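One letter stands for each residue in the lines below.
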Amino acid sequence: MEAMKILVTGGTGYIGSHTVVELIQSGHEVEILDNLYNSDAGVLLKIAELAGVEPKFYEVDLRDKTALKQVMRDGGYEAVIHFAGLKAVAESVENPLTYYENNVGGTVNLLEAMEEFGVRKLIFSSSATVYGDQEAPFVETMETGRAIANPYGRTKYMIEEIIKDLCKADEGFEATILRYFNPIGAHESGLIGEEPKGIPNNLMPIIMKVATGEMAELLVCGDDYETTDGSAERDYIHVMDLAQGHVAAIAKMQPGVTVYNLGTGRGVSVLEMVKAFEKVSGSPLTYKIVGRRAGDLAVVYADASKAERELGWKATRTVDEAMRDTLKFLGLSARD
Ligand code: NAD
Ligand code: WQD
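Quick caveat, the model's predicted, so the values are computed rather than measured. (Residues numbered from 1 in each chain as written. Chains lettered and ligands numbered in written order. Predicted model: local features only at pLDDT ≥ 70, side-chain atom pairs only at ≥ 80, totals over all residues. Heavy atoms only, no water.)

Draft legend 1. Here's a closer look at the site of ligand 2. Surrounding ligand 2, one finds 19 residues, the nearest of these being Tyr-152, Leu-219, Arg-234, Arg-293 and Asp-296. Within the side chain of Tyr-152, one N or O atom sits 2.5 Å away from an oxygen atom of ligand 2. With respect to ligand 2, the backbone of Cys-221 contributes an N or O atom lying 2.8 Å from an oxygen atom. If one sorts the elements of the shell around ligand 2 by residue count, strand β8 (residues 218-221) sits on top with 4 residues. Looking at the shell around ligand 2, its residues break down into 11 nonpolar, 5 polar and 3 charged. (Near = heavy atom within 4 Å. Polar contact = N/O pair within 3.5 Å; in protein donor to acceptor, adjacent residues only side chain to side chain. Helix = DSSP H or I, 4+ residues; strand = E, 2+ residues; numbered from the N terminus. Nonpolar A, V, L, I, M, F, W, Y, C, P; charged D, E, K, R; others polar.)

Draft legend 2. Quick peek at the site of ligand 1. Residues in contact with ligand 1 amount to 27 residues; listed here are only the nearest, Asp-34, Asn-38, Ser-39, Lys-87 and Tyr-152. The backbone of Tyr-14 places a nitrogen or oxygen atom 2.8 Å from an oxygen atom of ligand 1. Here Asp-61 contributes a side-chain N or O atom positioned 3.1 Å from a nitrogen atom of ligand 1. Within the complex, 95% of the 820 Å² of free accessible area of ligand 1 lies under protein. Elements with a contribution of two residues or more to the shell around ligand 1: α1 (14-25), β5 (121-127) and α6 (151-169). A class-by-class count of the residues in the shell around ligand 1 yields 12 nonpolar, 11 polar and 4 charged. (Areas by Shrake-Rupley, 256 points an atom, 1.4 Å probe, with all protein chains shown as cover.)

Draft legend 3. Fine view of the packing of aromatic side chains. With the rule as written, the count across this model stands at 2 aromatic pairs. Residues Phe-138 and Phe-181 carry aromatic rings whose centres are separated by 6.4 Å and whose planes lie at 40 degrees to one another, so their mutual orientation is tilted. You can see Phe-138 sitting in the loop between β5 and α6 and its partner Phe-181 sitting in the loop between β6 (174-180) and β7 (182-184), a full 43 residues away along the chain. Among the residues examined, Phe-138 registers a relative accessible area of 1% and is labelled buried. On the basis of relative accessible area, Phe-181 is assigned to the buried category, the value being 5%. When the ring centre of Tyr-260 is taken as reference, the NZ or CZ atom of Lys-306 above it lies at 5.0 Å. (Phe/Tyr/Trp six-rings, centres within 6.5 Å; stacked < 30°, edge-to-face > 60°. Buried < 20%, exposed > 50% of the residue type's maximum accessible area, 1.4 Å probe, protein only. Lys NZ or Arg CZ within 6 Å of the ring centre and 35° of its normal.)

Draft legend 4. Region of interest: the layout of surface pockets. Volume-wise, the second largest pocket comes out at about 190 Å³. Glu-194, Pro-196, Pro-205, Met-208 and Leu-330 are the residues nearest the centre of the second largest pocket, which is lined by 14 residues in total. For the lining of the second largest pocket, the secondary structure elements donating two or more residues are α7 (203-212) and α11 (319-329). Tallied by class, residues from the lining of the second largest pocket come to 8 nonpolar, 3 polar and 3 charged. (1 Å grid on protein atoms, 1.4 Å probe; cavity = no way out; pocket = protein on both sides within 12 Å on 5 of 7 lines; lining within 4 Å. Points joined across faces, edges and corners; volume = space filled by probe spheres on them.)

Here is the structure:
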């Protein structure tokens, strides 16, 4: 494998920090750019503890073109892995312009800076949300952009299109778009994990808040879907599998745009998640069934075969392992 010097935007965030550890351990040199809007610089020391090297850090906002260009000019990077962005679905409905400015505008600035300084390899964090309301399993060849439920999801679709246009205009540009399904879990050391600021919206952080007593109960949104137990199914992927997917992707860059789903290929229901938590923790989880959440699909899971075929990567960790690692990160004990 060819070692590269890589700039990771959003590298102090949840998925970024786990990926940085894996990149360093695979021999890459990594620098991080993040505005710390949704993360903490303290994670840098934890990355150093896990990977043996503390990555150089730039506290820069992607909307600050001058600062961004300075980093790109001085860095001598061969590739950029672009995680930085806002990701709260409900907030994007309330403040769409903030999402377009930050996610779409920030990415345009990043691509401009890359073009100016000759950095022509990009991995972009996209999402299963770009498939809209089609029937699972979602395959990379499916149409995207229709019936996307919220502005956050549309920023991902728009950025994908912008990257495709750039690759048409600049034939030497190499872009890999990774569509993540539902990332969960933490590094097996328990040193790094997901630390959402504010009230969480996603299932796994809510389960954990109920476990710590910070929230009274989990509201299970819908038990009347056409699934085995009536609750909605998602493709929950361990964040370390996801991190390793990036290491596999950076080793196989090619001119033009290549898209991969990163998921497990299997749907797990909300009630199965509750049972997995109870089994791994040995404690009951208080929950109540309520009505469906607006905009939710019944079943979402990946066709994950392309990444396996072309990158030699597949998710190997289970939901139980993700529960165990998250409990460890939160300092809560698992049953064994
Ligand atoms: P995160 O919030 O933990 O990490 C994103 C990081 O980007 C944060 O550290 C934040 O401070 C930084 N950031 C945001 N705007 C910035 C800006 N303008 N300039 C510089 N830094 C900025 O989120 P995450 O869960 O690690 O997600 C990483 C990426 O993966 C995001 O692009 C997200 O949309 C995408 N994604 C996440 C999920 C998920 O469920 N977590 C699913 C699919 C795709
Ligand atoms: C998972 C399941 C809920 C909360 C979102 C984004 C998507 C991607 C991942 C970034 C669903 C159920 C949830 C609760 C519940 N992010 N649930 N009670 O909606 O699949 O995807 O995060 O790209 O774009 O839309 O994830 O974790 O919110 O929900 O029953 O209090 O848990 O109905 O079935 P979702 P989630």
